[in-house]
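# Chains, contacts and geometry: an overview
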Amino acid sequence: MKFDKKAVIFDLDGVICFTDKFHYQAWKALADRLGIYFDEKINNRLRGVSRMASLEIILERSDKEYSQEEKEAFAEEKNNLYRDLLKNMSPSDLTDEVKDTLIELRRRGYKLSIGSSSKNTKFILGQIGLGDFFDAIADGTDITRSKPDPEVFLVAAKKLGMDPADCAVVEDAKAGIEAAKAGGMTALALFGDAKDCGLEDYDLASFGDLLTIL
Ligand code: B16
Ligand code: MG
């Protein structure tokens, strides 16, 4: 199958790089401190979802009620732990497969953007050596509604000057596939959660598989 598209919008966490393991470690430390059960399965529900919405999912397992102020302090505590882990990232955390595929897509004339729910997007891209690479970046600082709302991808398309129908989205999360479809874009699923949801247009065998379909 071939897709006739002009632009590709990439999710960041779990697609361009594997910051998902750091999100897990930071949320796990917070959940343990609060005595709340948390595991990898619950963590999968946090993919693509905003920081505060992620916290609400974790607190489903708590029998205590927390005030808005306490919740904001928890979210900040998690983010500080997460950013400490991000500080150790470097260009070696970008795989050759992702790097070479991005360069080849650009050579083929595609416009390339990030569409991430994360407010740490620009910091992460700088850490892995992609600070200046993308034609546009839409992230958690640009939006009021996180995935599965299409807002972040529509902002990315607008920043690229593209019609949503001309954009393909690469996602690892069910919430991200739902967002891409709601935005009228082609949804390409990479990895389990996105592939299992049944809403995607295509299952990528690997990141490099983009070069066979675009
Ligand atoms: P932050 P993506 C998402 O990134 C993560 O998958 C999700 O786990 C996280 O809660 C969200 O960003 C917000 O991140 O706390 O750094 O603002 O998958 O949309 O690139
Ligand atoms: Mg993701």
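For the structure, see preceding data.
Residues numbered from 1 in each chain as written. Chains lettered and ligands numbered in written order. Predicted model: local features only at pLDDT ≥ 70, side-chain atom pairs only at ≥ 80, totals over all residues. Heavy atoms only, no water.

Here the structure, examined in full by the defined rule, presents seven aromatic pairs. Sitting over the face of the ring of F123, R83 holds its NZ or CZ atom 4.4 Å from the ring centroid. Taking NZ or CZ as reference, R106 lies 4.1 Å from the ring centre of F133, over its face. (Phe/Tyr/Trp six-rings, centres within 6.5 Å; stacked < 30°, edge-to-face > 60°. Lys NZ or Arg CZ within 6 Å of the ring centre and 35° of its normal.)

Mapped onto the fold, Y37 is located in the loop between α1 (20-34) and α2 (40-44). On the basis of relative accessibility, which here comes to 47%, the residue Y37 falls in the partly exposed class. Sequence-wise, Y37 and Y66 are 29 residues apart; in three dimensions their C-alpha atoms are separated by 16 Å. The residues contacting Y37, other than those within four sequence positions of it, are I42 and R61. A polar atom in the side chain of Y37 sits 2.7 Å from the side chain of D39. (Helix = DSSP H or I, 4+ residues; strand = E, 2+ residues; numbered from the N terminus. Buried < 20%, exposed > 50% of the residue type's maximum accessible area, 1.4 Å probe, protein only. Contact = heavy atoms within 4.5 Å. Polar contact = N/O pair within 3.5 Å; in protein donor to acceptor, adjacent residues only side chain to side chain.)

Here we take up the coordination of the magnesium ion (ligand 2). At this site the magnesium ion (ligand 2) is bound by D11 (OD), D13 (O) and D172 (OD), with donor distances of 2.1 to 2.2 Å. Linear spacing of the donor residues for the magnesium ion (ligand 2) on their chain is D-x1-D-x158-D. In this pair, D13 is assigned in the loop between β1 (7-10) and α1 and D172 in the loop between β4 (167-171) and α8 (174-182), connecting sequence segments 159 residues apart. (Donors = N, O, S within 2.8 Å, 3.2 Å for Na, K, Ca; no water.)

It is worth spelling out the site of ligand 1 at this point. Close contacts around ligand 1 come from 18 residues, with D13, V49, R51, S116 and S118 the closest. Measuring from an oxygen atom of ligand 1, one finds a backbone N or O atom of V49 at 2.6 Å. Between ligand 1 and S116 there is a distance of 2.7 Å, counted from an oxygen atom to a side-chain nitrogen or oxygen. About the coverage of ligand 1: the protein hides 99% of its 470 Å² of free accessible area. Per-class residue counts for the shell around ligand 1 are four nonpolar, eight polar and six charged. Each of domain 1 (7-17 + 90-213) and domain 2 (20-86) contributes no fewer than three residues to the shell around ligand 1. (Near = heavy atom within 4 Å. Areas by Shrake-Rupley, 256 points an atom, 1.4 Å probe, with all protein chains shown as cover. Nonpolar A, V, L, I, M, F, W, Y, C, P; charged D, E, K, R; others polar. Domains from an automatic or database assignment.)

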